[in-house]
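# Remarks on the overall topology
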Amino acid sequence: MWGASNRLLFCASLFTCAAASVGCSKSPGTADPRQVGDPSRGAGLISWYGCGACHTVPGISGANSLVGPPLTHFAQRGYVAGMLRNTPDNLVRWIRDPQKIVPGNAMPALGIDNRDARDIAAYLYTID
Ligand code: HEC
């Protein structure tokens, strides 16, 4: 009994690892928001910086614009702006200086420091 269920577990974890290393698995953004920053502070910053003037952001009141892409299911996205793999460091890079990554795109650099960007990223990773 025990042996069989352990073997099953082992197979399941092997499969998970294999899927993760392929790179196109559904959920690369398995970042734990709490490891990235403070999501509740991030929610306040999203309102404060006015991200909702361009984005629909679930859970942020008034953030329902469609100028930029909706940030729905962000934790499950494979890429940030179709350019960078969706990792916490890359998301922070994007939030701090989107013009460096896609010059000329409509999202301005808003002068966000590293700590604020990490807290904003943490919130975005709570959007499953
Ligand atoms: C003036 C409009 C504007 C504002 C303000 C703005 N963005 Fe954006 N944002 C965009 C546009 C346009 C894109 C798409 C850029 C591209 O794909 O080249 C984008 C892309 C993104 C992406 C990548 C989305 C994806 O689908 O991969 C994230 C994340 C993001 N913005 C977060 C933010 C956050 C957080 C703020 C506030 C700090 C913010 N944006 C403020 C216009 C804006």
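Counting from 1, residues in each chain are numbered in the order their sequence is written. Only residues with pLDDT of at least 70 are given local features in this predicted model, and only at 80 or more are side-chain atom pairs given and counted; all residues enter the totals for whole chains, interfaces and linings. Calculation of side-chain values draws on the structure's entire complement of heavy atoms; hydrogens and water are dropped beforehand.

Looking now at the site of the ligand. Any residue with at least one heavy atom within 4 Å of a molecule or strand is counted as near it. Taken together, 22 residues surround the ligand, and among them Cys51, Cys54, His55, Ala81 and Met107 come closest. Polar contacts here mean pairs of N or O atoms no more than 3.5 Å apart (in protein, one a potential hydrogen donor and the other a potential acceptor; neighbouring residues in sequence count only if both atoms are side-chain atoms). At 2.8 Å from a nitrogen atom of the ligand is found a side-chain nitrogen or oxygen belonging to His55. Within the contact set of the ligand, an oxygen atom lies 2.6 Å away from a backbone nitrogen or oxygen of Ala81. In this text, helices come from DSSP runs of H or I with a minimum length of four residues, and strands from runs of E with a minimum of two, each type numbered from the N-terminal end. Looking at the shell around the ligand, the elements that each hand over two or more residues are strand S1 (79-80) and helix H4 (88-96).

What follows deals with the coordination of the iron atom of the ligand. Because no water is among the atoms considered, metal sites can look incomplete, with donors defined as N, O and S atoms within 2.8 Å of the metal, or 3.2 Å for Na, K and Ca. Binding of the iron atom of the ligand to the protein goes through His55 (NE2) and Met107 (SD), at separations of 2.0 to 2.2 Å. Of note is the iron atom of the ligand, whose 6 donor atoms meet at the metal with angles of 87 to 179 degrees in an arrangement that counts as octahedral. Residue His55 is found in the loop between helix H3 (39-49) and S1, and its partner Met107 is found in the loop between helix H5 (98-101) and helix H6 (114-124); the two are separated by 52 residues along the sequence. A four-donor site is called tetrahedral if each angle lies between 85 and 135 degrees; a four-donor site is square planar, and a six-donor site octahedral, when trans pairs exceed 155 degrees and the remaining angles lie between 65 and 115; all other cases are labelled irregular.

Moving on to the environment of Pro39. You can see Pro39 is positioned in helix H3. As for Pro39 and Thr126, which are separated by 87 residues in sequence, their C-alpha atoms are 7.4 Å apart. Among all residues touching Pro39, those that are not within four sequence positions of it are Pro33, Arg34, Asp119, Ala122, Tyr123 and Thr126. By the convention used here, residues are in contact when the closest approach between their heavy atoms is within 4.5 Å.

The next subject is the packing of aromatic side chains. Each Phe, Tyr or Trp ring (for Trp, its six-membered ring) is paired with any other whose centre lies within 6.5 Å, and the angle between the two planes then decides the class: stacked below 30 degrees, edge-to-face above 60, tilted in between. This structure, assessed with the given rule, holds 2 aromatic pairs. Centre to centre, the rings of Phe74 and Tyr125 are 6.3 Å apart; their planes meet at 50 degrees, and the pair counts as tilted. Of this pair, Phe74 sits in the loop between H3 and S1 while Tyr125 sits in the segment after H6, and the two are 51 residues apart along the sequence. Overall, Phe74 belongs to the buried group, its relative accessible area being 5%. Categorising residues by exposure relies on relative accessible area from a 1.4 Å probe, with only protein chains included: less than 20% of the type maximum marks a residue as buried, more than 50% marks it as exposed, and the intermediate range marks it as partly exposed.

Among the structural elements, Ala109 can be located in the loop between H5 and H6. Among the residues examined, Ala109 registers a relative accessible area of 43% and is labelled partly exposed. Sequence separation between Ala109 and Trp94 is 15 residues; the distance between their C-alpha atoms is 8.9 Å.

Time to look at H6. For H6, the buried fraction is high: 8 of the 11 residues fall into the buried class. One side-chain oxygen at the N-terminal end of H6 lies 3.2 Å from the backbone nitrogen of Arg115; it belongs to Asp113.

One non-glycine residue with positive phi stands out, namely His73, at about 50 degrees. Residue position: His73 is located in the loop between H3 and S1. Judged by relative accessible area, His73 falls into the partly exposed class, the value being 46%. For Ala81, which is not a glycine, the phi torsion comes out positive at approximately 55 degrees. Position of Ala81 relative to the elements: it lies in the loop between S1 and strand S2 (84-85). By relative accessible area, Ala81 is classed as partly exposed at 46%.

This brings us to the packing of H3 against H6. Across the interface, H3 lies against H6 with an axial gap of 7 Å and an inter-helix angle of 105 degrees. With respect to each other, H3 and H6 are oriented roughly perpendicular. Touching Pro39, Arg41, Gly42, Ala43, Leu45, Ile46 and Tyr49 of H3 are Arg115, Asp116, Asp119, Ile120, Ala122, Tyr123 and Leu124, all from H6. Following the grouping adopted for this structure description, the nonpolar residues are Ala, Val, Leu, Ile, Met, Phe, Trp, Tyr, Cys and Pro, the charged ones are Asp, Glu, Lys and Arg, and the polar ones are all others, Gly among them. Classifying every residue of the contact of H3 with H6 gives 9 nonpolar, 1 polar and 4 charged. Axis geometry follows a simple rule: fit a line to the C-alpha atoms, using only the stretch in contact for helices, then measure angles between N-to-C directions, giving values from 0 to 180 degrees. Every angle not falling under 35 degrees, over 145, or within 65 to 115 is termed oblique; those three ranges are roughly parallel, roughly antiparallel and roughly perpendicular.

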